[in-house]
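What follows is the residue order along each chain.
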Amino acid sequence: MIVLRMIEKLQSLERTARLLETNKDIRDNWNASVYHYTNEFLEDLSSKKSFDEFAGKGEGLLDYPFQDNGREMSELLHLVEQEVDQPGLNPASAGHLAYIPGGGVYPTALGDYLADVTNRYAGIYFASPGAVRMENMLIRWMCRLVGFPDTALGNLTSGGSVANLIAVATARDYQGVRARDIENQVIYLTEQVHHSIQKAIRIAGMGEAHFRYIPVDEHYRMNVAALSQAVTKD
């Protein structure tokens, strides 16, 4: 009896999940709408501000809470245009010179689209050998690009914050720093350090270490002389 109820529950969940599937006509309509929106966005990019302190700051989204029933694609795209793509920074703009993620590179968007639709898993070789090979080929190309030797290794992350966390944890493990040693460790950072570094240090369990903030030179590099003095003092 219990098994039968479980089967019935699973079948009910399957019917509900199938509501997320779409037929070709719906996909064609959605694709055309999104394609038109992105084309308009890119064509108007040169006339858009790099930062728009738009009134409301996306508050219009609050009038569209998440719900079980869907909405028309045209309505959603208008909402995205007014409440998401207009206010705040515009990283796709040529005038945006801040953090790393550049925007408006159309082929990369198509690559993301293909990866999202096919949903290949590149975390392990047998799951998708081709995807893993592609990732390794990209890493090898990047190693050669910056002059690293053939023995160099790498990893693709979702962004700089995760990359910094990996770097901190790798340095900790390579130096053999144990939990009981943390209070006696010193971490040297520049005065211009990104906040993701402090976050990574805390997540890596090294928040109780001593921090030294070293000044930078005219090129915003850590001042080696000041670092040497701090190390000697410690």
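Bear in mind the structure is a predicted one, so any value in this text is a computation, not a measurement. (Residues numbered from 1 in each chain as written. Predicted model: local features only at pLDDT ≥ 70, side-chain atom pairs only at ≥ 80, totals over all residues. Heavy atoms only, no water.)

Mind showing me how you'd approach the overall build of the protein here?
Regarding its fold elements, the protein presents eight helices and four strands. Mapped from its N terminus to its C terminus, the protein presents α and β elements in the order α-α-β-α-β-α-α-α-β-α-β-α. Relative to the compact-globule value of 17 Å for 234 residues, the protein shows a C-alpha radius of gyration of 25 Å, a clear excess of over 25%. Along the three orthogonal principal directions, the C-alpha set of the protein runs to about 70 × 60 × 40 Å. Burial status across the protein gives 17% buried among its 234 residues. Summed over its atoms, the accessible surface of the protein is roughly 18600 Å², and 57% of this surface lies on carbon and sulfur atoms. (Helix = DSSP H or I, 4+ residues; strand = E, 2+ residues; numbered from the N terminus. Rg over C-alpha atoms; globule rule 2.2 N^0.38 Å. Buried < 20%, exposed > 50% of the residue type's maximum accessible area, 1.4 Å probe, protein only. Areas by Shrake-Rupley, 256 points an atom, 1.4 Å probe, with all protein chains shown as cover.)

I keep staring at the packing of helix α2 (residues 24–43) against helix α3 (residues 73–83) and nothing clicks. Help me out?
Between two packed helices, the angle of one axis relative to the other and the distance separating the axes together describe the packing. One can describe the packing of α2 onto α3 by two numbers: an axis separation of 10 Å at closest approach and a directional angle of 25°. Comparing the axis directions of α2 and α3 gives the class roughly parallel. Of the two possible hands of crossing, α2 and α3 adopt the one that is right-handed. Residue-level contacts link Trp-30, Ser-33, Val-34 and Tyr-37 of α2 to Met-73, Leu-77, Val-80 and Glu-81 of α3. Taken together, the residues of the contact of α2 with α3 sort by class into six nonpolar, one polar and one charged. (Axes fitted to C-alpha atoms, helices over the stretch in contact; angles between N-to-C directions. Parallel < 35°, antiparallel > 145°, perpendicular 65-115°, else oblique. Left-handed = near helix turned anticlockwise from the far one by under 90°. Contact = heavy atoms within 4.5 Å. Nonpolar A, V, L, I, M, F, W, Y, C, P; charged D, E, K, R; others polar.)

Before we go on, may I ask you to explain the pairing of strand β4 (residues 210–214) in this structure?
Every other side chain in a regular strand lies on the same face of the sheet, so the side chains alternate between the two faces. One ladder, built from five bridges, connects strand β3 (residues 186–190) with β4; its direction is parallel. Counted as the bridge partner of Ile-187 is Phe-211 from β4. This β-α-β element, β3 to helix α7 (residues 195–203) to β4, shows right-handed connectivity. (Pairing = 2+ DSSP bridges. Right-handed = clockwise from strand over helix to strand, strands pointing away.)

How should I be thinking about the pattern of salt bridges in this particular structure?
Per the counting criterion, the structure on display carries seven salt bridges. Of the charged contacts, one joins Arg-212 and Asp-234 as a salt bridge, the two residues approaching to 3.1 Å between their closest N and O atoms. Of this pair, Arg-212 sits in strand β4 while Asp-234 sits in the segment after α8 (224–233); the two residues are 22 residues apart in sequence, bridging distant segments of the chain. A residue is classified by how much of its surface remains accessible, and Asp-234, at 44% relative accessible area, is partly exposed. (Salt bridge = Lys/Arg side-chain N within 4 Å of Asp/Glu carboxyl O.)

What exactly am I supposed to notice about the packing of helix α6 (residues 160–174) against α7 here?
Relative orientation of the contacting elements α6 and α7 amounts to 50°, with a least axis distance of 9 Å. Viewed along their axes, α6 and α7 adopt a mutual orientation that is oblique. For α6 against α7, the interelement crossing comes out right-handed. Listed contacts from α7 to Ser-161, Asn-164, Leu-165 and Val-168 of α6 are Ser-196, Ile-197, Lys-199, Ala-200, Ile-201 and Ile-203. Among the residues making up the contact of α6 with α7, the classes are represented as six nonpolar, three polar and one charged.

Hey, could you run me through the nonpolar core in this one?
Across soluble globular proteins, you tend to see nonpolar side chains buried next to one another. One finds Val-168, Val-177, Ile-182, Ile-187, Leu-189, Ile-197, Ala-200, Ile-201, Ala-204, Met-206 and Ala-209 forming the largest nonpolar core, which totals 11 residues. Those elements that place two or more of their residues in this core are β3 and α7. It is α7 that contributes the most residues to this core, three residues altogether. When sequence neighbours within four positions are dropped, the list of residues in contact with Met-206 reads Val-168, Arg-172, Val-177, Ile-182, Ile-187, Ile-201 and Phe-211. (Core = buried A, V, L, I, M, F, W, Y, C linked by side-chain atoms within 4.5 Å.)

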